[in-house]
Amino acid sequence: MSEAVVETPKKKKGGIMKLLLLVVGALVLVGGGVGGALYAMNAGLIGGKGSAEPSGPRLVPKAEQKRAGPGEGGEAKAVGNKPPTGVGGDRYASNYYAMDKEFTSNLQDSVHFVQVGIAVSTPYDDTVIENIKTNEIAVRSAILMALGDTTEEQVFSSNGKQMLQLRLAKAINDTLKEKEGFGGVGNVYFTNFVVQ
């Protein structure tokens with residue numbers, strides 16, 4: 001009697017595991033590609049969006065400075081389309097803003113008071129000026145507080161007035177930083193200065 005040995009085919013144990021690994025690997029690659037593409041589009045690297053606009057004020061080079069045209073009170077005359085040029089000066093354009101109302105404050109430890117008109121300048125775009133207008137009440141309060149800390153001796157000397165200008169610029173910038181996250185005022189100028 002011969003017994004026939006019937007061999008049954010053995011199942012491949014690694015086939016299902018290999019298929020599963022291939023599917024998972026393909027999903028990871030596709031997901032990574034889609035995620036990378038979305039990131040690049042949001043960053044403005046692809047998709048025609050261009051470079052992302054920086055938030056906050058932007059420094060304005062002199063070449064982009066707004067000039068008053070004829071009949072607008074501008075003294076500077078442009079030749080062709082170019083602004084007048086000179087030697088020296090600041091690298092960035094100055095953007096000026098005169099505050100509408102004057103400020104009146106008592107002087108520290110004195111019977112006198114001071115009344116001043118104030119203008120500010122900034123090398124940044126109109127964002128700083130708009131921030132001053134938006135937060136005018138807080139800015140005015142900070143200016144009045146700084147004026148109230150001024151002594152009689154300071155308002156009667158040029159050096160004292162210059163120090164007051166620096167303190168006023170700091171007071172305005174501190175207020176804007178608190179309210180908007182950015183100061184930007186470079187200088188404070190007196191448009192009117194009376195001590196009585």
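The coordinates are above.
For clarity, every value in this text was computed on a predicted model and none was experimentally measured.

Some thoughts on unusual backbone geometry
- If you check the backbone angles, Asp109 has positive phi at about 55° while not being a glycine.
- For Asp109, the position within the fold is in the loop between strand 2 (103-106) and strand 3 (113-122).
- When its relative accessible area of 80% is taken as the criterion, Asp109 is described as exposed.

Focus: the side chain of Thr175
- With respect to the secondary-structure elements, Thr175 resides in helix 5 (residues 158-180).
- Its relative accessible area of 10% is what places Thr175 among the buried residues.
- Within the structure, Thr175 has its side chain in polar contact with the backbone oxygen of Ala171 (distance 2.9 Å).
- Sequence-distant contacts of Thr175, defined by excluding residues within four places in its chain, comprise Ala138, Val139 and Ala142.

Things to note about the pairing of strand 1 (residues 95-98)
- Taking every second residue as pointing to the same face, the buried face of strand 1 carries Asn95 and Tyr97, while none of Tyr96 and Ala98 on the other face is buried.
- One ladder, built from four bridges, connects strand 1 with strand 3; its direction is antiparallel. Across the sheet, Ala98 pairs through a bridge with Ala119, a residue of strand 3.

So, helix 2 (residues 126-134)
- The complete set of buried residues in helix 2 reads Val128, Ile129, Asn131 and Ile132. Looking straight down helix 2, one finds that the buried residues subtend no more than 160° of arc, so they occupy a single side.
- Among the structural elements, strand 1, strand 3, helix 3 (136-148) and helix 5 are those in contact with the buried residues of helix 2.

Definitions and limits used
- Residues numbered from 1 in each chain as written.
- Predicted model: local features only at pLDDT ≥ 70, side-chain atom pairs only at ≥ 80, totals over all residues.
- Heavy atoms only, no water.
- Helix = DSSP H or I, 4+ residues; strand = E, 2+ residues; numbered from the N terminus.
- Buried < 20%, exposed > 50% of the residue type's maximum accessible area, 1.4 Å probe, protein only.
- Polar contact = N/O pair within 3.5 Å; in protein donor to acceptor, adjacent residues only side chain to side chain.
- Contact = heavy atoms within 4.5 Å.
- Pairing = 2+ DSSP bridges.
- Arc of directions from axis to C-beta.

Geometric descriptors of this kind do not, in isolation, establish any biological role.
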